[in-house]
Amino acid sequence: MIKINDLEFSVSDGRHGRKKLIQVDELNISQGSFVLITGETGSGKSTLLSLIGGMNRPTSGTVKVLDRTISKLSDHFLSEYRREQIGFLFQFFHLIDNLSVFDNIALALVPYNLSFSALQQRVELVVKQVGLKGKEDFIAQNLSGGERQKCALARAIINNPSILIADEPTANLDKAAKLALLELLYSFNRNGMTVLVVSHDPLFEDNAIIDQKIVMSSGKVIAL
Amino acid sequence: MFNISFIKFSLKMMFSSRRELIAVFMLYTCLIFILSSFFLMKNSLFNAFDHLIDGKPELIIQNMQGGKAVNTPLSWADEILEIDGVGQVYPRLFGTYFFEQGRDFFTLVGFSLLEESYDSEIQSIIDGVDFKSFQNQEGIYVGLGVQKLLRSHYYTDSFSFFYGSGKKLTLPILGHFSKKSQLETNDLILLSKQSIRLILNIDENFATDLVANIPNPAEKVIVATKVRELFPNARILDIVDLKVNMKRNYDIFGGTFFALFLLPLVAFLILFYTKISALTEKGRSQVAILRAIGWEIPLVMSWHLFNAFFIASLAYMVGVLCSYFFVFTLNAPGLSQLFLGQANLSASFNFTAVIPLETLFYLFIVTVFPYTLASVIPIYRSSIVSPLEVLR
Ligand SMILES: Nc1ncnc2c1ncn2[C@@H]1O[C@H](COP(=O)(O)OP(=O)(O)OP(=O)(O)O)[C@@H](O)[C@H]1O
Ligand SMILES: [Mg+2]
């Protein structure tokens, strides 16, 4: 489902030329798998996710998702790809703090010309799925960490993406919230969603739900 | 792209950072208020001037002695009438009177019920005067500024002029001039020729000056030359020229006003600069979030375009409405002095509502559009970077 070949990503490094952040010769991830990516800090995990998620374009090589070479898409199609195939979760949630739960989630639907009732229907559905029913009108910054991550999750899955990308999603959550999130991620995975998680959390390590584990070091994949 | 939910969420996001919004809105409203006040005042003033200028072509003839205008003998009038091209000659009686208690000067203008026509200047002044009130008694007709000043010194029904050595002439106040003619009549007192002769001590055989009516304006120069031949010490003035000069004296681009005008302009440029240069961290993260969840660059930009346009238009409307109220209802306290010079009677002026639609439209174009477009530049800049650079 995800096929990576000869992937390289470098950035200009001041005056000295270019700094290679990542180099992955080959990486395949099959559809519907739950993938854990680990590695020491600065090893390129987030960068790899950004390339798969269409937030960055590789310097060279290809990223193919569902037989589509996303590394060559224009911004228009890359935005569409992010919107329709990818859901993101971040360590710091990245909600718009002053907006309500409902509005934060609905923002992901604004690019579509939906009627307000259709939009409302879809938001209500995901709110129920992540267990935030009754909190739609809460302002994001008044939520607990666990609730915020649930809100972000609802926003991530509202367009029913095929891949969910989560970068340290549990780092700011307490034990109970971590378990709840894991439960939710697993339930989406069971329904066919590919889940990529970057995490140091022991919760994911040696967990039976993990189908594939990728270990990175200095921008390279060192173990599969 | 501009569907209901887009507009709805744009507004929601905009109002979510209220403090920034209010700051920008206030600054912008102030700027538009000042610019708009300026234009409304300028327009109202120039409108009044234009009204003044379309008088008939006439020459004013004054008697000069030692470089100073003195009273003109009435005998000149008969000689001037002989000149070809001259229609009529009217003697005029006017002068200034110092009102000691009020420490201000009044302009006295004499008229006679018996004379049927006047020069265009006096005609435009006396247009609204109710002459019936003069038929039975001697009295004065006063400008609004005079009326106000007299009232503050408790002269409500009559006023006493002092002349000669301690003599007093008390005349009833029969009425006041309309607000419409205030630019000309504010410091004016209209009274009979007998009274003005008495007060200003003008002999029966003299007038303050003469106005010669020349039906064919093309002959003005020839007539002027002939008058000069007859009376080498005469000064000959053209009424139209006089009024154009007067307009020029109200030079609005000079001095203080310009300084005041520059201040908001500078503030505007600063605002402009900050708008172009960078977004706040919060603003950048909002853009990154929207980009991450799949908003395309044009959508993110139109979101901000819409926000900026909304704010700027709202500020425009509030600014213009406030300035309308400020200029036409409050009569521009503070600012009008900059236009009209020191605060004396002859300079005070009531701004009559003239709405320069074209100018206001122009103001809209030059303030709302640059701001709107400028605000999109930083949005574009942060749209094109990878959202992940911001969302670590
Ligand atoms: N835009 C950039 N410019 C320069 N260097 C960058 C840029 N983005 C990332 N890096 C560097 O690339 C390396 C990999 O970064 P990345 O964020 O992918 O690591 P990571 O494995 O996610 O680390 P962490 O576990 O701390 O999140 C780091 O050394 C980082 O400093
Ligand atoms: Mg990282």
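Residues numbered from 1 in each chain as written. Chains lettered and ligands numbered in written order. Predicted model: local features only at pLDDT ≥ 70, side-chain atom pairs only at ≥ 80, totals over all residues. Heavy atoms only, no water.

Draft legend 1. Layout of the confidence of the model for chain B. Residues and elements named next belong to chain B. Looking at chain B, the pLDDT average stands at 80 and 80% of residues meet or exceed 70. When pLDDT is averaged over each element of chain B, strand β3 (residues 72–73) comes out on top at 93 and helix α10 (residues 239–249) at the bottom at 62. For this predicted complex, the interface score ipTM comes out at 0.93, while the overall pTM is 0.70. (pLDDT = per-residue confidence, 0-100. Helix = DSSP H or I, 4+ residues; strand = E, 2+ residues; numbered from the N terminus.)

Draft legend 2. Molecular detail of the interface of chain B and chain A. In this complex, chain B contributes 26 residues to the contact, which on the side of chain A involves 30 residues. Together chain B and chain A conceal approximately 2,600 Å² of surface at their shared face, both sides included; 62% is due to carbon and sulfur atoms. Inspection of the region where chain B meets chain A yields three salt bridges. Its salt-bridge partner being Arg83(A), residue Glu296(B) comes within 3.1 Å of it at the nearest N-O pair. Joining chain B to chain A, the criterion identifies ten residue pairs in polar contact (both at pLDDT 80 or more). Elements with a minimum of two residues in the side of chain B that touches chain A: α1 (4–16), α12 (281–292), α13 (297–329) and α16 (387–390) of chain B. (Contact = heavy atoms within 4.5 Å. Buried area = accessible area lost by both parts, 1.4 Å probe. Salt bridge = Lys/Arg side-chain N within 4 Å of Asp/Glu carboxyl O. Polar contact = N/O pair within 3.5 Å; in protein donor to acceptor, adjacent residues only side chain to side chain.)

Draft legend 3. Structural detail: the state of the cysteines. All names here are of chain B. All told, the structure shown has zero disulfides over all chains when counted by the stated rule. Considering cysteine sulfurs only, Cys 30 is the nearest to Cys 322, which forms no disulfide, with 9.1 Å between them. A relative accessible area of 38% places Cys 322 in the partly exposed class. (Disulfide = S-S within 2.5 Å. Buried < 20%, exposed > 50% of the residue type's maximum accessible area, 1.4 Å probe, protein only.)

Draft legend 4. Here's a closer look at the sheet that holds strand β4 (residues 60–65) of chain A. Residues and elements named next belong to chain A. Read from one edge to the other, the open sheet built from four strands follows the order β2-β1-β4-β5, with strand pairing classed as antiparallel. Two strands in the sheet have a free side with no partner beyond their single neighbour: β2 (18–29) and β5 (68–69). Contacting β1 (2–12), β2 and β4, helix α1 (residues 45–52) runs over the sheet at an angle of about 115° to β1. (Pairing = 2+ DSSP bridges. Axes fitted to C-alpha atoms, helices over the stretch in contact; angles between N-to-C directions.)

Draft legend 5. View of the pairing of strand β5 (residues 94–99) of chain B. All names here are of chain B. Burial along β5 is one-sided: Gly 95, Tyr 97 and Phe 99 are buried, and none of Phe 94, Thr 96 and Phe 98, which face the opposite way, are. The sheet contact formed by β5 and strand β6 (residues 104–111) spans six bridges and is antiparallel. Residue pairing in the sheet places Gly 95 in a bridge with Leu 108 of β6. The turn linking β5 back onto β6 is made up of four residues, and Arg 103 within it adopts a positive phi angle of 50°.

Draft legend 6. Structural detail: the site of ligand 1. As a matter of local geometry, ligand 1 sits amid 14 residues, with Thr41(A), Gly42(A), Lys45(A), Ser46(A) and Thr47(A) nearest to it. Surrounding ligand 1 are residues belonging to chains A and B, so the site spans chains. Within the backbone of Gly42(A), a nitrogen or oxygen atom sits 2.8 Å from an oxygen atom of ligand 1. One of the backbone N or O atoms of Gly44(A) is found 3.0 Å from an oxygen atom in ligand 1. Surface burial for ligand 1 is 68%, taken as the share of its 640 Å² of free accessible area covered by protein chains. Looking at the shell around ligand 1, the elements that each hand over two or more residues are β2 and α1 of chain A. (Near = heavy atom within 4 Å. Areas by Shrake-Rupley, 256 points an atom, 1.4 Å probe, with all protein chains shown as cover.)

Draft legend 7. Just the sheet that holds strand β7 (residues 140–142) of chain B, in detail. Residues and elements named next belong to chain B. Taken in spatial order, the six strands make up an open sheet running β5-β6-β10-β7-β9-β8, and their pairing is mixed. Edge positions in the sheet fall to β5 and β8 (158–163), since each of these pairs with one other strand and no more. With strand direction ignored, the average angle separating the axes of adjacent strands in the sheet is 35°. Its contacts with the sheet place helix α6 (residues 144–152) against β5, β6, β7, β8, β9 (167–176) and β10 (188–192), and it is angled at close to 125° to β6. The strands that helix α8 (residues 193–200) touches are β5, β6, β8, β9 and β10; relative to β10, the one it contacts most, it runs at about 110°.

Draft legend 8. How the structure looks around the packing of aromatic side chains. For the structure shown, the criterion picks out 26 aromatic pairs over all chains. Ring centres of Phe15(B) and Phe310(B) lie 6.4 Å apart, and the angle between their planes is 85°; on these two criteria the pair is classed as edge-to-face. Of the two residues, Phe15(B) sits in helix α1 while Phe310(B) sits in helix α13, which places them 295 residues apart along the sequence. We classify Phe15(B) as partly exposed; its relative accessible area is 35%. Relative to Phe159(B), the ring of Tyr155(B) has its centre 4.9 Å away and its plane inclined at 80°; by these criteria the two rings are edge-to-face. An aromatic cluster is built from Phe6(B), Phe15(B), Trp295(B), Trp303(B), Phe306(B) and Phe310(B), whose rings are joined through pairwise contacts. Here the guanidinium or amino end of Arg83(A) rests over the ring plane of Tyr112(A), the centre of that ring lying 5.3 Å away. (Phe/Tyr/Trp six-rings, centres within 6.5 Å; stacked < 30°, edge-to-face > 60°. Lys NZ or Arg CZ within 6 Å of the ring centre and 35° of its normal.)

Draft legend 9. Structural context of the environment of Ile297(B). With respect to the helices, strands and loops of the structure, Ile297(B) is situated in helix α13. C-alpha separation for the pair Ile297(B) and Ser383(B), spaced 86 residues apart in sequence, amounts to 6.0 Å. If sequence neighbours within four positions are ignored, Ile297(B) has contacts with Asp75(A), Arg291(B), Tyr380(B), Ser383(B) and Ile384(B).

Draft legend 10. Main features of the side chain of Glu147(A). Residues and elements named next belong to chain A. Tracing the sequence through the fold places Glu 147 in helix α5 (residues 145–157). Using a relative accessible area of 17% as the deciding quantity, one classes Glu 147 as buried. Polar side-chain contacts of Glu 147 include one of 2.5 Å to the side chain of Lys 135. For Glu 147, the contacting residues outside a window of four places in its chain are Leu 132 and Lys 135.

Draft legend 11. The pairing of β8(B), seen in detail. Residue and element names in this part refer to chain B. In terms of strand pairing, β8 meets β9 through six bridges, oriented antiparallel. Residue pairing in the sheet places Phe 159 in a bridge with Leu 171 of β9. Hairpin remark: β8 followed by β9, antiparallel, with three residues in the connecting loop; positive phi at Gly 164, about 55°.

Draft legend 12. Representation of the nonpolar core in the model. Counting 96 residues, the largest nonpolar core has Leu48(A), Leu107(A), Leu153(A) and Trp295(B) as its most contacted members. Within the second largest apolar cluster, 22 residues are counted, among which are Ile140(B), Leu149(B), Leu150(B) and Tyr155(B). (Core = buried A, V, L, I, M, F, W, Y, C linked by side-chain atoms within 4.5 Å.)

Draft legend 13. Focus on the packing of α5(A) against helix α6 (residues 175–190) of chain A. Residue and element names in this part refer to chain A. In the contact formed by α5 and α6, the axes pass within 10 Å of each other and the chain directions differ by 15°. One finds that α5 runs roughly parallel with respect to α6. Pair α5 / α6 crosses with right-handed handedness. Here Gly 146, Gln 149, Lys 150, Leu 153 and Ile 157 of α5 lie close against α6, whose contacting residues are Ala 177, Ala 180, Leu 181, Leu 184, Leu 185 and Phe 188. (Parallel < 35°, antiparallel > 145°, perpendicular 65-115°, else oblique. Left-handed = near helix turned anticlockwise from the far one by under 90°.)

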